[in-house]
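Coordinate analysis (summary)
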Amino acid sequence: MSYKPEMDPKWYLKSKVYRWYTIREASVLFMVIYCINLLWGLAALSSGEESWSHWLAFQCHPVVIIWSIISILFTLYHTATWFSMAPRAMPPIWLGNFKLPNKAIVLGQWAGFFTVAIVLIGLWIWGATR
Amino acid sequence: MKWKHNEPFFWMMFGAGGVVAAMVIPILILFVGVLFPLGIVPKETMDFLFIQQLVSNIFVKLLLIIIISFTAWHAFHRIVHGLHDLGFHLTTTKRAIGYGLALLITIACCYLTFII
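In this report, the structure presented in the accompanying data block is examined. (Residues numbered from 1 in each chain as written. Chains lettered and ligands numbered in written order. Predicted model: local features only at pLDDT ≥ 70, side-chain atom pairs only at ≥ 80, totals over all residues. Heavy atoms only, no water.)

1. Remarks on the overall build of chain A
Applied cut-off: Put simply, DSSP marks the helices as runs of H or I at least four residues long and the strands as runs of E at least two long, and each gets a number from the N terminus on. Every radius of gyration here is taken over C-alpha atoms, with the globule rule written as 2.2 Å times N^0.38, N being the number of residues. Any two residues having at least one pair of non-hydrogen atoms within 4.5 Å are treated as being in contact. Only the protein chains shown count as covering a residue, and every accessible area follows the Shrake-Rupley method with a 1.4 Å probe. Neither His nor the chain ends contribute to the count of charged residues, in which Lys and Arg are positive and Asp and Glu negative. One atom stands in for each charge, and that atom is NZ of Lys, CZ of Arg, CG of Asp or CD of Glu.
When you go through chain A residue by residue, the secondary structure sums to four helices and two strands. When the helices and strands of chain A are read in sequence order from the N terminus, they spell out α-α-α-β-β-α. Relative to the compact-globule value of 14 Å for 130 residues, chain A shows a C-alpha radius of gyration of 21 Å, a clear excess of over 25%. With the principal axes as the frame, chain A shows a C-alpha extent of 55 × 55 × 30 Å. A separation threshold of at least 6 residues defines the contact pool for chain A, and within that pool the share at least 24 residues apart is 42%. About 8500 Å² of surface is accessible on chain A, with carbon and sulfur atoms providing 72% of the total. The average position of the 10 basic charges and that of the 5 acidic charges among the side chains of chain A differ by 18 Å.

See below:
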């Protein structure tokens, strides 16, 4: 005999917490679609300059730009939730008798995020225009 | 063998992918999907010969494989568990299809970066 609990099919609309949870979970759909877009770009790159410029033209289509902006918002929400749950998922860091506050760990990760952003964009532009 | 014995591996990939996705994916989309199309960064950054030369570097290949495939493992772990949230009973077949798609993205990414 098995127990099957009743489930409201629209449970994720019932409270604010559930809605934000669902938005975080949905962020992965935008990640998968972008990964496939990048794979398509790599395939275009290997098949020659003409396919590459078609792929680039697709990235510049207004609808695709709007889609990209939506994807950035969803994936940034994943970033925010990931960074804020990290201190709760890892063992506490002790500096002598002083416990490193959770806030410091979250801020440290954001500092890492912006460092990666600046280094990546900076190196990319520098490499392409030197 | 019970499925729970496999869980640590998928959990590890979920964690690794979560970090990569959090750190790099929004910036990557911003660059390729917004800054380049709007002409905010120079168009040479997406030049065919430049990108081809860039991707022929072994470290760039490895970086791309890590970014794309780890993100895929992260995403499909959440999709598989999301099926449970939507009321679908999780079976080994459903898990195998989910993680199989992540594996497919990994293989495709390795193949595509190494033929360039």
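2. Looking at the nonpolar core
Defined as follows: In plain words, nonpolar cores are sets of buried Ala, Val, Leu, Ile, Met, Phe, Trp, Tyr and Cys residues tied together by side-chain atoms within 4.5 Å. Exposed residues in this analysis have more than 50% of their type's maximum accessible area, buried residues have under 20%, and partly exposed residues fall in between, with area computed by a 1.4 Å probe over protein chains only.
Counting 62 residues, the largest nonpolar core has Leu42(A), Trp52(A), Trp124(A), Met46(B), Ile51(B) and Ile68(B) as the members making the most contacts within it. It is helix H1 (residues 16-47) of chain A that contributes the most residues to this core, 10 residues altogether.

3. A few points about the interface of chain B and chain A
How big an interface is tends to be stated in terms of the accessible area lost upon association of its parts. The condition that has to hold: Defined in terms of a 1.4 Å probe, buried area is the accessible area two parts forfeit on being brought together, summed over both. Salt bridges are identified by distance alone: a Lys or Arg side-chain nitrogen within 4 Å of an Asp or Glu carboxyl oxygen. Polar contact is defined as a pair of N or O atoms within 3.5 Å, subject to the rule that within protein one atom must be able to donate a hydrogen and the other to accept it, and that residues adjacent in sequence are counted only when both atoms are side-chain atoms.
Between chain B and chain A, the residue contacts involve 51 residues of the former and 49 residues of the latter. The junction of chain B with chain A conceals about 4600 Å² of combined surface from both sides, 84% of it contributed by carbon and sulfur atoms. The interface formed by chain B and chain A holds one salt bridge in total. Ionic pairing is found between Arg78(B) and Glu25(A), a salt bridge with its closest N-O pair at 3.3 Å. Along the contact surface separating chain B from chain A lie eight residue pairs in polar contact (both at pLDDT 80 or more). Of all the secondary-structure elements, those providing two or more residues to the side of chain B that touches chain A are helix H1 (7-23), helix H2 (25-35), helix H3 (48-55), helix H4 (58-85) and helix H5 (92-114) of chain B. In terms of residue count, the dominant contributor to the side of chain B that touches chain A is H2(B) (11 residues).

4. Remarks on the packing of aromatic side chains
As a reminder of what qualifies: Two aromatic rings from Phe, Tyr or Trp, using only the six-membered ring of Trp, form a pair when their centres are within 6.5 Å; if the ring planes differ by under 30 degrees the pair is stacked, by over 60 it is edge-to-face, and anything between is tilted. Throughout this description, the term charge over a ring refers to an Arg CZ or Lys NZ atom that lies within 6 Å of the ring centre and within 35 degrees of the ring normal.
Under the defined criterion, the tally for this structure stands at 21 aromatic pairs over all chains. Considering the side-chain rings of Trp11(B) and Phe14(B), the 5.0 Å spacing of their centres and the 35 degrees angle between planes classify their relative orientation as tilted. Here Trp11(B) pairs with Phe14(B), and both are found in helix H1, just three residues apart, close to one helical turn. Assessed through its relative accessible area of 53%, Trp11(B) is described here as exposed. Aromatic rings pair up to connect Trp11(A), Tyr12(A), Tyr18(A) and Tyr21(A) into one cluster. Its guanidinium or amino end placed over the ring of Trp126(A), Arg130(A) lies 5.0 Å from that ring's centre, counting from NZ or CZ.

5. Description of the environment of Glu25(A)
Tracing the chain through its elements places Glu25(A) in helix H1. Between the alpha carbons of Glu25(A) and His78(A) there is a distance of 8.2 Å; along the sequence they are 53 residues apart. For Glu25(A), the side chain forms a polar contact with the side chain of Arg78(B), separated by 3.3 Å.

6. Quick look at the packing of H4(B) against H5(B)
Residue and element names in this part refer to chain B. As a reminder, the rule being used: Only C-alpha atoms enter the line fits that serve as axes; for helices the fit covers just the stretch in contact. Angles between N-to-C directions range over 0 to 180 degrees. Each angle is binned into one of four classes, with values under 35 degrees roughly parallel, values over 145 roughly antiparallel, values of 65 to 115 roughly perpendicular, and all other values oblique. We call a crossing left-handed when the near helix sits turned anticlockwise from the far one by less than a right angle, and right-handed when that turn is clockwise. For this classification, Asp, Glu, Lys and Arg are treated as charged, while Ala, Val, Leu, Ile, Met, Phe, Trp, Tyr, Cys and Pro are nonpolar and the rest, including Gly, are polar.
The N-to-C vectors of H4 and H5 enclose an angle of 165 degrees; their axes lie 9 Å apart at closest approach. Considering the angle they form, H4 stands roughly antiparallel to H5. In this structure, H4 meets H5 at a crossing whose hand is right-handed. Split by residue class, the contact of H4 with H5 holds 16 nonpolar, six polar and three charged.

7. Looking at the environment of Trp55(A)
Structurally, the position occupied by Trp55(A) is in helix H2 (residues 49-59). Beyond its immediate stretch of four places on either side in the chain, Trp55(A) contacts Asn37(A), Leu38(A), Trp40(A), Gly41(A), Ala44(A), Val32(B) and Met46(B).

8. A closer look at the pattern of salt bridges
All names here are of chain A. Enumeration according to the criterion identifies three salt bridges over all chains in this entry. Put simply, Lys-14 and Asp-8 hold a salt bridge, and the shortest N to O gap is 3.2 Å. When its relative accessible area of 55% is taken as the criterion, Lys-14 is described as exposed. Since its relative accessible area comes to 35%, Asp-8 is described here as partly exposed.

9. Re H2(B)
Taking burial as the measure, the 11 residues of H2(B) include 10 buried ones, the bulk of the element. Considered for burial, the residues of H2(B) that qualify are Ile25(B), Pro26(B), Ile27(B), Leu28(B), Ile29(B), Phe31(B), Val32(B), Gly33(B), Val34(B) and Leu35(B). Buried-residue contacts for H2(B) involve H1, H2, helix H3 (62-89) and helix H4 (102-129) of chain A together with H1 and H4 of chain B.

These figures come from the coordinates and say nothing about function on their own.
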